[in-house]
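A look at the structure
Next come the chains, spelled out residue by residue.
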Amino acid sequence: LDENSIPYTAAPVDLLELAQNTRIQLENPAAKQQVTLQVEGEPVVIEGVLPVLDEMLFNLCDNAIKYNKPGGHVWVSVKHTPDGPTLTVKDDGIGIPTEDHERVFERFYRVDKSHSKAIGGTGLGLSIVKHSAAYHNARIELESAPGKGTCIRLIFPPGREIHGQEQTD
Ligand code: ATP
Ligand code: MG
């Protein structure tokens, strides 16, 4: 995935709107798993490629719902921070052991010291997330521990967010 392989051009994207759309897309799978998906924060408009950002956030939320338990929660938050525009997906699901933190972003890697092998998947979601983040020059932070849940933060380059009247309706 590099600049030349994407037939889309960058345009202003509101990350909060993106998150609200993802919530609607995942409403049914979340309800089936008895997981609550909540979106909070403020409008944050960045220069980005909508379908790439959409697939990235979808994969993060899909994981947060899948690797969870009945009664679990997923919190998506969108905020301006001193580090830059920040998109956070946090869950109180099964978590990822420290020794797997690096490898989960590799293609086809799935954690087997967890219940995740019993849950369907090909192991591609987080590699897509990694490439989508790199495409947008975003940094990824992962905090996770078994039984405690997972928090993944995407921090976009500061100073490139768009303030002002760009948002229409
Ligand atoms: P796919 O996304 O292709 O359907 P997948 O979900 O297995 O398959 P990834 O999204 O790349 O693949 O995730 C890799 C592995 O990391 C998962 O198999 C799971 O073991 C672990 N993982 C990812 N997200 C979470 C999470 N939020 N909580 C716990 N484990 C996770
Ligand atoms: Mg996945």
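In the annotation of an unreviewed UniProt entry, the entry for the chain reads histidine kinase, and the organism field reads Allofournierella massiliensis.

1. Concerning the environment of Gly48
Within the secondary structure layout, Gly48 lies in strand β3 (residues 45–48). If sequence neighbours within four positions are ignored, Gly48 has contacts with Ala10, Val13, Leu53 and His136.

2. Quick word on helix α1 (residues 15–25)
Those residues of α1 that fall on the buried side of the exposure criterion are Leu15, Leu16, Leu18, Ala19 and Thr22. Relative to the axis of α1, the buried residues are bounded by an arc of 155 degrees and lie together on one face. For α1, the secondary structure elements touched by its buried residues are β1 (11–14), β2 (36–41), β3, α3 (50–66), β4 (73–81) and β5 (84–91).

3. Some details on the sheet that holds β2
An order of β2-β4-β5-β7-β6 is seen for the five strands of this open sheet, with the pairing classed as mixed. Where the open sheet ends on each side, the last strands, each with one partner, are β2 and β6 (139–145). Taking the axes of each pair of neighbouring strands and ignoring which way they run, one obtains an average angle of 10 degrees across the sheet. Of the pairings in the sheet, the one linking β6 to strand β7 (residues 149–155) comprises seven bridges and is antiparallel in character. Its bridge partner being in β7, Ser144 is matched across the sheet by Thr150. Relative to β5, α3 is tilted by about 25 degrees, and along the sheet it contacts β2, β4, β5 and β7.

4. Overview of the environment of Ser132
Mapping Ser132 onto the fold places it in helix α4 (residues 125–135). For the pair formed by Ser132 and Trp75, sequence separation is 57 residues and the distance between their alpha carbons is 21 Å. Apart from the residues within four sequence positions on either side, Ser132 is in contact with Val52, Leu53, Glu55 and Met56.

Thresholds, definitions, all that
- Residues numbered from 1 in each chain as written.
- Chains lettered and ligands numbered in written order.
- Predicted model: local features only at pLDDT ≥ 70, side-chain atom pairs only at ≥ 80, totals over all residues.
- Helix = DSSP H or I, 4+ residues; strand = E, 2+ residues; numbered from the N terminus.
- Contact = placed C-beta atoms within 7 Å.
- Buried ≥ 20, exposed ≤ 12 C-beta atoms within 10 Å, placed from the backbone.
- Arc of directions from axis to C-beta.
- Pairing = 2+ DSSP bridges.
- Axes fitted to C-alpha atoms, helices over the stretch in contact; angles between N-to-C directions.

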